[in-house]
Amino acid sequence: MPRRTQVGIIGCGPAGLFLAHLLARAGIDSLILEARSRAAVEGTIRAGVLEHGVAALMQELGLAGRMLRQADRHAGITLQWRSQRLHLDLAALTGGKAVTVYAQHEVLKDLVAARLAAAPGSILFEAPARAVEGIEGDHPAILFETAEGGAGRLDCDHIVAADGFHGIGRGAIPASIRQEYGKTYPYGWLGVLVEAPRSWPELIYASQGDGFSLLSTRSPTVQRLYLQCDPADPVEAWDDARIWRELGSRLATDGWTLTQGKIFQKSVIPLRSFVCAPLRHGRLFLAGDAAHIVPPTGAKGLNLAVADVLVLSRALSRAIHRGDASGLDAYSDTALARVWQAQRFSAFMTRMLHRDPGETPFDTRLREAQLEQIALSPAAATALAENYVGLPFPAED
Ligand code: RFL
Ligand code: PHB
């Protein structure tokens, strides 16, 4: 039996789930098709930093109960180079704004539970979309595989591909009109989860010795740490002793020691920047990582996915309730303007904090001078802080 919904959403990540909640608030029906199981979606370790506006949106949508109880508000971050630490007071530099450190999979657990409670059956897990059809006409559909292995069909008015970088949505925009911009960096991140108490009250973005490292947190007893590595490294190249040695030297500063603990998760991720344009073809819309990737140094990926679907939900609401397609026509340009700002900031943070394999002593000093600029210039510090806590969402007109 074919199914029908107003907005068919491919992918149950931050983009798909926030969109489903925003549409429900606007009285619009949606169905999410997700390739993986619910346990896999809720167990994948990824982002950790929510912008000021994203945390506020969770509250506005009534989804912030657990976040407010368990997550920490961070009103500052620390930058470190040449063994010196610089505290950047985000709140003082941005008129009181801060970020919330709350793991992406915890956000997903909260959004999945709330969505299924409000609309049982509105997320189909283990139901991968295989193709979209009819996007240039008025009756698009998503063809998918059912959890039982059969062929499914979802008829809808609009399709949103929120299916991540490796999804099928982007490829449905004809190659003749699709533009892709991007670069891959010559370094990756080794990420680890550690059972240990906090070593420092805020996130530390450090660049010293062999390159970048990041001290983040998940809870009072679980810490999240990253260090720059060769993107081709197998995780086995990083035994625990090597990880602690590298983190120890890259985060070293007088009178402080990193508290070690049991490492219980390790992964290597590549760093890339990518933008696809336009974000719309007929009745198909791209949102989140399906359309763009940022290197994680700016903590922007999840936040950008949320900004996309906020703009898209308003446009869909206007089209569906008022028959006014102007927001849908403007979606790609409006969302991409913010995407390019996040690309700029993410590339800036990445270049400033990583040691390029071909880096000369001159290049190193230039990067350090950039960091010193932030210490010396309130204007430079303010620019970093404003971007880190999140640029305002596009205004609703
Ligand atoms: P997602 O999260 O990749 O979700 C896409 C979903 O679509 C499903 N899917 C399909 N479903 C049905 N049919 C198909 N054919 C499908 N193909 C795929 C997938 O199974 C998946 O469930 O994309 P979305 O929603 O656009 O969200 C993007 C964010 O997940 C991503 O940008 C962030 O995780 C990036 N990121 C960070 N972002 C931040 O804002 N702050 C951070 O602190 C931050 N840290 C990070 C990060 C990403 C990292 N990694 C692992 C890349 C740290 C790391 C280490
Ligand atoms: C994280 O806690 O996973 C995290 C924090 C900051 C980043 C990236 C990832 O920039």
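Worth saying up front: this structure is predicted, and the values here are computed from it rather than measured.

1. Points about empty space enclosed by the protein
Unoccupied space between atoms shows up once a probe the size of one water molecule is rolled over them. Inspection of every chain in the model, using the stated rule, returns 2 cavities of 30 Å³ or more. Reported here for the largest cavity is a volume of approximately 90 Å³. If you list the elements that add at least two residues to the lining of the largest cavity, you get strand S14 (211-217) and strand S15 (222-229). With 3 residues, the single largest contributor to the lining of the largest cavity is S14. A class-by-class count of the residues in the lining of the largest cavity yields 9 nonpolar, 6 polar and 2 charged. Taken as a whole, the second largest cavity holds about 60 Å³ of empty space. Together, Glu 51, Lys 300, Arg 338, Gln 341, Ala 342, Phe 345, Asn 387 and Leu 391 line the second largest cavity. A total of 4 residues in the lining of the second largest cavity trace back to one element, the largest contributor, which is helix H9 (residues 326-353).

2. So, the pattern of salt bridges
Evaluation of the coordinates by the stated rule reveals 25 salt bridges. A salt bridge links Asp 72 to Arg 198, with the shortest nitrogen-to-oxygen separation between them at 2.7 Å. Placement of the pair is Asp 72 in strand S4 (residues 72-74) and Arg 198 in the loop between strand S12 (179-195) and strand S13 (204-208), with a sequence separation of 126 residues. Its relative accessible area of 27% is what places Asp 72 among the partly exposed residues. Exposure remark for Arg 198: the relative accessible area of 32% places this residue in the partly exposed category. Put simply, Glu 359 and Arg 367 hold a salt bridge, and the shortest N to O gap is 2.9 Å. Take Arg 367: its relative accessible area is 12%, and that puts it in the buried class. Each member of the salt-bridge network shares a partner with another, and the members are Arg 66, Glu 106, Lys 109 and Asp 110.

3. A few points about the side chain of Thr 5
Here Thr 5 is to be found in strand S1 (residues 3-10). Judged by relative accessible area, Thr 5 falls into the buried class, the value being 4%. In terms of polar contacts, Thr 5 uses its side chain to reach the backbone amide nitrogen of Ser 30, at 3.4 Å. Every residue in contact with Thr 5, bar those within four places of it in the chain, is listed here: Asp 29, Ser 30, Leu 31, Leu 154, Asp 155, Cys 156 and Asp 157.

4. Considerations on the UniProt feature "domain: FAD-binding" (unreviewed entry) in the chain
Within this numbering scheme, the UniProt entry marks residues 4-346 as carrying the feature "domain: FAD-binding" (unreviewed entry). Taken as a whole, residues 4-346 contains 31% helix and 33% strand, while its terminal C-alpha atoms sit 39 Å from one another.

5. With respect to the pairing of strand S6 (residues 84-89)
Two strands pair when backbone bridges link them, and strand S5 (residues 76-81) and S6 are joined in this way by 6 bridges, in the antiparallel orientation. Across the sheet, residue Gly 76 finds its bridge partner in S6, namely Asp 89. Taken together, S5 and the strand that follows it, S6, pair antiparallel across an intervening segment of 2 residues, in which Arg 82 is found at a positive phi of about 45 degrees.

6. So, the state of the cysteines
Throughout the structure, instances matching the rule amount to 0 disulfides. We note that Cys 12 lacks a disulfide partner, and the nearest cysteine sulfur, in Cys 156, lies 16 Å from it.

7. A few points about the site of ligand 1
Neighbouring ligand 1 are 33 residues, the closest being Ala 15, Glu 34, Gln 104, Asp 289 and Leu 302. Here an oxygen atom of ligand 1 and a side-chain polar atom of Arg 36 are 2.9 Å apart. A distance of 2.7 Å separates an oxygen atom of ligand 1 from a polar atom in the side chain of Asp 289. Expressed as a share of its isolated accessible area of 1,100 Å², the protein-covered part of ligand 1 is 87%. Broken down by secondary-structure element, the contributors of at least two residues to the shell around ligand 1 are helix H1 (14-25) and helix H8 (301-322).

8. Describing the layout of surface pockets
The volume enclosed by the second largest pocket comes to roughly 520 Å³. In terms of lining residues, the second largest pocket is bounded by 27 residues, among which Leu 310, Val 311, Arg 314, Ala 315 and Glu 396 are the most central. Of the residues belonging to the lining of the second largest pocket, the class tally is 13 nonpolar, 7 polar and 7 charged.

9. Some thoughts on the site of ligand 2
Neighbouring residues of ligand 2: 15 residues in total, closest Tyr 205, Ser 216, Arg 218, Tyr 226 and Pro 296. Separating an oxygen atom of ligand 2 from a side-chain N or O atom of Arg 218 is a distance of 2.7 Å. Within the backbone of Pro 296, a nitrogen or oxygen atom sits 2.8 Å from an oxygen atom of ligand 2. Out of a free accessible area of 280 Å², ligand 2 has 97% covered by protein chains. For the shell around ligand 2, the secondary-structure elements that each account for two or more residues are S14 and S15. Its residues assigned to classes, the shell around ligand 2 comprises 9 nonpolar, 3 polar and 3 charged.

10. Quick look at the packing of aromatic side chains
In the structure shown here, the tally under the stated rule is 10 aromatic pairs. On the basis of an interplanar angle of 25 degrees and a centroid distance of 5.9 Å, the ring pair of Tyr 185 and Tyr 187 is categorised as stacked. Classification of Tyr 185 as buried rests on a relative accessible area of 4%. The exposure class assigned to Tyr 187 is buried, which follows from its relative accessible area of 5%. Judged by centre distance (6.1 Å) and plane angle (70 degrees), the ring pair of Phe 285 and Tyr 331 falls under edge-to-face.

11. Structural notes on the nonpolar core
Grouped together as the largest cluster of nonpolar side chains are 78 residues, with contacts concentrated most on Phe 18 and Ile 142. For this core, the element with the most residues is H8, which contributes 11 residues. Excluding anything up to four places from it in sequence, Ile 142 contacts Gly 8, Ile 9, Ile 10, Leu 33, Ala 129, Ala 131, Val 132, Gly 152, Arg 153, Leu 154, Cys 156 and Ile 159. Counting 32 residues, the second-largest nonpolar core is a separate cluster that includes Leu 79, Trp 81, Phe 212 and Tyr 226.

Definitions and cut-offs
- Residues numbered from 1 in each chain as written.
- Chains lettered and ligands numbered in written order.
- Predicted model: local features only at pLDDT ≥ 70, side-chain atom pairs only at ≥ 80, totals over all residues.
- Heavy atoms only, no water.
- 1 Å grid on protein atoms, 1.4 Å probe; cavity = no way out; pocket = protein on both sides within 12 Å on 5 of 7 lines; lining within 4 Å.
- Points joined across faces, edges and corners; volume = space filled by probe spheres on them.
- Helix = DSSP H or I, 4+ residues; strand = E, 2+ residues; numbered from the N terminus.
- Nonpolar A, V, L, I, M, F, W, Y, C, P; charged D, E, K, R; others polar.
- Salt bridge = Lys/Arg side-chain N within 4 Å of Asp/Glu carboxyl O.
- Buried < 20%, exposed > 50% of the residue type's maximum accessible area, 1.4 Å probe, protein only.
- Polar contact = N/O pair within 3.5 Å; in protein donor to acceptor, adjacent residues only side chain to side chain.
- Contact = heavy atoms within 4.5 Å.
- UniProt positions renumbered as here; feature names shortened; annotations may be inferred.
- Pairing = 2+ DSSP bridges.
- Disulfide = S-S within 2.5 Å.
- Near = heavy atom within 4 Å.
- Areas by Shrake-Rupley, 256 points an atom, 1.4 Å probe, with all protein chains shown as cover.
- Phe/Tyr/Trp six-rings, centres within 6.5 Å; stacked < 30°, edge-to-face > 60°.
- Core = buried A, V, L, I, M, F, W, Y, C linked by side-chain atoms within 4.5 Å.

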